[in-house]
Amino acid sequence: MKKITLILTYFLLFVPFILGLSLPYHVDQEILAELAKNQQLYEQHPTENEAIFNLAMSYAYTGQVVKGWKKLKLISDEYANTVVTKYAQLSKEHSSEWRYPFKYAFGFFFKKEKEKAIDQFKRVIEIKPTEVWAYAYIALIYGEMGNSKKCLEYCKKALKIEKNATAVYVLQAEAYRREKKYFKALKSTLTYGRLYSKHE
């Protein structure tokens, strides 16, 4: 059953993005411009950790979870230390820029320091309360830690900001399944499917 759930989760996350950028939720033009820039830099430097990481982060804060994950897998584990060092400093120097603690959080996440990652995503929320994907990644981490209640709490916060945040419904469905709230899990999955069908 667990294996089936994992397969279903990855399938639900992957399908919407194989056809390109078709997002059922709002993304700021500034972020889309940054994504385009980072895609170009990656094409020019496809083996450089920094180029790969920055593109992965652009995918992460446009909600393209699987694309970001695939890129992060190309980076050496040791690069997490570089990320933590770099973005710790930048976060101090530019305390009003939310993208620095967002990246800082991912450094901690890949060092398996999940509580510290959550703290940095919460810092993102302090700076930019409407940054839906900070809530989503907190939910994801709590889900990985086995804390379904906290996962659901942050899924709900994310969906209050952006009701069409497709990947959040997948996280929510899995958390409800772990809580044995199967009807709610099905409802979240169906909502995901409805959103996807409108933007395929």
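Thresholds, definitions, all that
- Residues numbered from 1 in each chain as written.
- Predicted model: local features only at pLDDT ≥ 70, side-chain atom pairs only at ≥ 80, totals over all residues.
- Heavy atoms only, no water.
- Helix = DSSP H or I, 4+ residues; strand = E, 2+ residues; numbered from the N terminus.
- Buried < 20%, exposed > 50% of the residue type's maximum accessible area, 1.4 Å probe, protein only.
- Contact = heavy atoms within 4.5 Å.
- Areas by Shrake-Rupley, 256 points an atom, 1.4 Å probe, with all protein chains shown as cover.
- Axes fitted to C-alpha atoms, helices over the stretch in contact; angles between N-to-C directions.
- Parallel < 35°, antiparallel > 145°, perpendicular 65-115°, else oblique.
- Nonpolar A, V, L, I, M, F, W, Y, C, P; charged D, E, K, R; others polar.
- Disulfide = S-S within 2.5 Å.
- Salt bridge = Lys/Arg side-chain N within 4 Å of Asp/Glu carboxyl O.

### What to know about the overall build of the protein
Of regular secondary structure, the protein possesses 11 helices and 0 strands. For the protein, the sequential pattern of α-helices and β-strands runs α-α-α-α-α-α-α-α-α-α-α. Taking all 200 residues of the protein together, 50% fall into the buried category. Excluding contacts between residues fewer than 6 apart, the proportion of contacts in the protein whose partners are at least 24 apart in sequence is 58%. Roughly 10900 Å² of accessible area belongs to the protein as shown, and the carbon and sulfur atoms make up 55% of that amount.

### Digging into the packing of helix α3 (residues 49-60) against helix α5 (residues 79-93)
Following both chains from N to C, one finds α3 and α5 inclined at 70°, their axes separated by 12 Å at the closest point. Comparing their axes, α5 and α3 come out roughly perpendicular. For the pair α3 and α5, the contacting residues are Asn49, Glu50, Phe53 and Asn54 in the first and Tyr79, Val83, Lys86 and Tyr87 in the second. Split by residue class, the contact of α3 with α5 holds 4 nonpolar, 2 polar and 2 charged.

### Notes on the state of the cysteines
Enumeration according to the criterion identifies 0 disulfides in this entry. Here cysteine 155 is not disulfide-linked; the sulfur of cysteine 151 is the nearest cysteine sulfur, at 4.1 Å.

### Remarks on the pattern of salt bridges
Summed over the entire model, instances satisfying the criterion amount to 15 salt bridges. Taking the shortest distance from any N to any O, the salt bridge between glutamate 34 and arginine 99 comes out at 2.5 Å. One end of the pair, glutamate 34, is in helix α2 (residues 29-44); the other, arginine 99, is in helix α6 (residues 99-110), and 65 residues separate them in sequence. The residues glutamate 34 and arginine 99 share a single accessibility class, namely buried. Among the salt bridges present, the one from lysine 86 reaches glutamate 50, with a minimum N-O distance of 3.0 Å. Placement of the pair is lysine 86 in helix α5 and glutamate 50 in helix α3, with a sequence separation of 36 residues. For lysine 86, a relative accessible area of 31% corresponds to the partly exposed category. When its relative accessible area of 40% is taken as the criterion, glutamate 50 is described as partly exposed. Several salt bridges share partner residues, and in doing so they unite Glu30, Glu34, Glu97 and Arg99 into one network.

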